[in-house]
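Residue-level structure breakdown
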Amino acid sequence: MTVQRESIVWGIVYLQQPNRMSIFGLFAESIRDFFTSAKFLIYMGHALSTWGDRMWNFAVSVFLVELYGNSLLLTAVYGLVVAGSVLLLGAIIGDWVDKNPRLKVAQTSLLVQNSCVILCGVLLMLVFQFKEQLVELYNGWILTVCYILVITIANIANLASTATSITIQRDWVVVVAGQDSSKLADMNATVRIIDQLTNILAPMLVGQIMTFGSHFVGCGFISGWNLCSMCVEYALLWKVYQKTPALAEKAGQKEQELKQLSPSRDAENGQSPEESSQPLMNETAVVSSPDSPKKEGCCYQVAEPLRTFKGGWVAYYNQNIFLAGMSLAFLYMTVLGFDCITTGYAYTQGLSGSVLSLLMGASAISGICGTVAFTWIRKKCGLIRTGFISGVAQLSCLMLCVASVFAPGSVFDLSVSPFQDLYTHLMGEQSLPEADHSLINMNVTTVAPAEEMPPLQSYMSVSLLFAGVIAARVGLWSFDLTVTQLIQENVIESERGVINGVQNSMNYLLDLLHFVMVILAPNPEAFGLLVIISVSFVALGHLMYFRYAFKSLGSRLFLCCSPEQKVETVDTLSLPTTV
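As the structure is a computational prediction, the values presented were derived from the model and not from experiment.

Here we look at helix 21 (residues 527-553)
Between its first and last C-alpha, helix 21 extends 39 Å over 27 residues, near the 39 Å set by a 1.5 Å rise per residue. Looking one or two residues past helix 21, G554 carries a phi angle of roughly 70°, positive in sign.

What follows is the structure in structure tokens.
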């Protein structure tokens, strides 16, 4: 009986083995298909590109501070040049992306960006190696020319990076996703997770290299990385282009997209016209393309960039997602982020570098949670409602930051004029009646031994501040993904570049304003006022989005899941909507 039972068991195992092999084969094939798909290749290329960008953006600021004798002057000039260039040239870059073939745009921007970083790295290596000799040549003018070249080349690299971001993240991703809104949302979320991870890991790596090696070694490593990464990214772009034939079709797509976004398709999906992602564009203006010959005069050619700049901003204003884009830009007018301003304020409040690094890690985890929450909420409530929910969540968390202004331990003091330092520098006064005392107290607090640190109660304000900032990242990144996908789905293909270029310009404009705000009120006692102003701008931005959302959905905005959304989830054959 035992032998017979064993033979039966072995027979069953033998009969089931082919099925197991077939299941294993299907599993292996599915894995192979995923790793060779256009979607995964875009992820790989974006990870390599973002890793290089984050290393360079972190290192170039450190290099400029080191070169100029531990002064922030070169870093400030570099930041101003970069922001001003994108502000002025964003629409022109986007227009160039629209008017040229996709593969040419991606390859050109990739080559220009990486070549500029490599050239800048080599130049910095020479400056670090021969700085003493360069100082003595022509009274230091050669060194000054090197500084100008570094900032100029780095600015060109940033402009090329902007073009790469527009063409890959705002155009190629949409084409690869096809008409599947859920796939587009997943790809956007994955790209954002890659951004979050590289934003932490890449600076850590290059920072360790510069710490245990030298700045010379750091420049060489970044240059070598960009050289290798450029070759790999170039090959990945070519593979994605080959695997996605739709990328080759770009010209003459306006009429086709208008037909695809017609109300008839919305009716098939059980969706009302105001809930669709149809762009609010004048059809006659889109379809009509005058064949009249262009003027060839010199003045006409000189004024072409100005016409492109004006046309881009006018086109951006005429979009039905104008308020949504403006709401995202207003979120850049804030000091409530992990930048040099907030970390500098934290140092004045007695937080150590190790604590700040942990807080930055928690912020990144919170941002990743926001990207995951975006995909889940979008499936349950629709795209437009996801933005509304994310805005409410972000504002609710930022109330902790407002509370920190008045909490125990806060240095908020309106009796200390926030404009005193600016007035002193402009008017040339010799004495600072109150600023000197506050500065001395601040320095003593920073360098004091552990036993002289303020009591635990004094940390309540800064704890509430960072708790609100970290918690708000969930709503912030979810809202950012919402607006990004709204722009992707509502802007016609032939205008994606210029509209996203203007959007980048708006983001940089509000970012510049927030730095100006800090320059006008630099003392720690005025930081509470900056917090209140920042939360006010964030609230104003979300009010703009609420107006857009209410105009699109009406009272159905307050329904967690509308009847149309339920129909969409049941009918798997219908195209996902942006409700």
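On we go.
Let's talk about the nonpolar core
Core analysis: the biggest nonpolar cluster contains 64 residues, and V335, L336, F466 and V531 have the highest contact counts within it. When residues of this core are assigned to domains, at least three fall in each of domain 1 (22-248) and domain 2 (304-418 + 459-558). Not counting chain neighbours up to four residues away, the residues in contact with V531 comprise V335, L336, C401, V402, V405 and L465. Counting residues in hydrophobic clusters, the runner-up holds 32 residues, among them M55, V60, C120 and I153.

Comments concerning the packing of aromatic side chains
For the structure on display, the rule yields 18 aromatic pairs. Ring geometry for Y316 versus F322: centroids 5.6 Å apart, planes at 75°, classification edge-to-face. Counting every residue linked through ring pairs, the aromatic cluster contains F388, F546, F550 and F558.

A short note on the state of the cysteines
Counted by the stated rule, this structure contains 0 disulfides. Between C116, a cysteine without a disulfide, and C120, which holds the nearest cysteine sulfur, the sulfur-to-sulfur distance is 8.3 Å. For the unlinked cysteine C231, the closest cysteine sulfur is that of C228, found at 6.8 Å. Residue C231 is classed as partly exposed on the basis of its relative accessible area, which comes to 49%.

Quick look at the pattern of salt bridges
Using the criterion set out here, one finds 7 salt bridges in the structure. For K99, the salt bridge is made with D95, and the minimal N-O distance between the two is 3.2 Å. Here D95 and K99 lie together in helix 3 (residues 73-99), a separation of 4 residues that amounts to about one turn. Using a relative accessible area of 18% as the deciding quantity, one classes D95 as buried. Between D171 and R102 there is a salt bridge; the shortest N-O distance is 2.7 Å. Of the two residues, D171 is situated in helix 6 (residues 141-177) and R102 in helix 4 (residues 102-129); the sequence distance between them amounts to 69 residues. On the basis of relative accessible area, R102 is assigned to the buried category, the value being 1%. Among the ionic contacts, a cluster of salt bridges with common partners joins R102, D171, E493 and R496.

What about a nonpolar patch on the surface?
A contiguous nonpolar surface patch, about 290 Å² in accessible area, is contributed by Y68, L73, V77 and V81. You can see Y68 is positioned in the loop between helix 2 (38-67) and helix 3. Given the relative accessible area of 35%, Y68 is considered partly exposed.

Comments concerning the packing of helix 16 (residues 383-405) against helix 19 (residues 460-490)
Running from amino to carboxyl end, helix 16 crosses helix 19 at an angle of 160°, the nearest separation of the two axes being 7 Å. Compared by their axis directions, helix 16 and helix 19 come out roughly antiparallel. The element helix 16 and its partner helix 19 pack so that their crossing is left-handed.

Parameters and conventions
Residues numbered from 1 in each chain as written. Predicted model: local features only at pLDDT ≥ 70, side-chain atom pairs only at ≥ 80, totals over all residues. Heavy atoms only, no water. Helix = DSSP H or I, 4+ residues; strand = E, 2+ residues; numbered from the N terminus. Expected span 1.5 Å × (residues − 1). Core = buried A, V, L, I, M, F, W, Y, C linked by side-chain atoms within 4.5 Å. Buried < 20%, exposed > 50% of the residue type's maximum accessible area, 1.4 Å probe, protein only. Domains from an automatic or database assignment. Contact = heavy atoms within 4.5 Å. Phe/Tyr/Trp six-rings, centres within 6.5 Å; stacked < 30°, edge-to-face > 60°. Disulfide = S-S within 2.5 Å. Salt bridge = Lys/Arg side-chain N within 4 Å of Asp/Glu carboxyl O. Patch = residues over 30% accessible without salt bridge, like charges linked within 9 Å, V, L, I, M, F, W, Y side chains within 5 Å. Areas by Shrake-Rupley, 256 points an atom, 1.4 Å probe, with all protein chains shown as cover. Axes fitted to C-alpha atoms, helices over the stretch in contact; angles between N-to-C directions. Parallel < 35°, antiparallel > 145°, perpendicular 65-115°, else oblique. Left-handed = near helix turned anticlockwise from the far one by under 90°.

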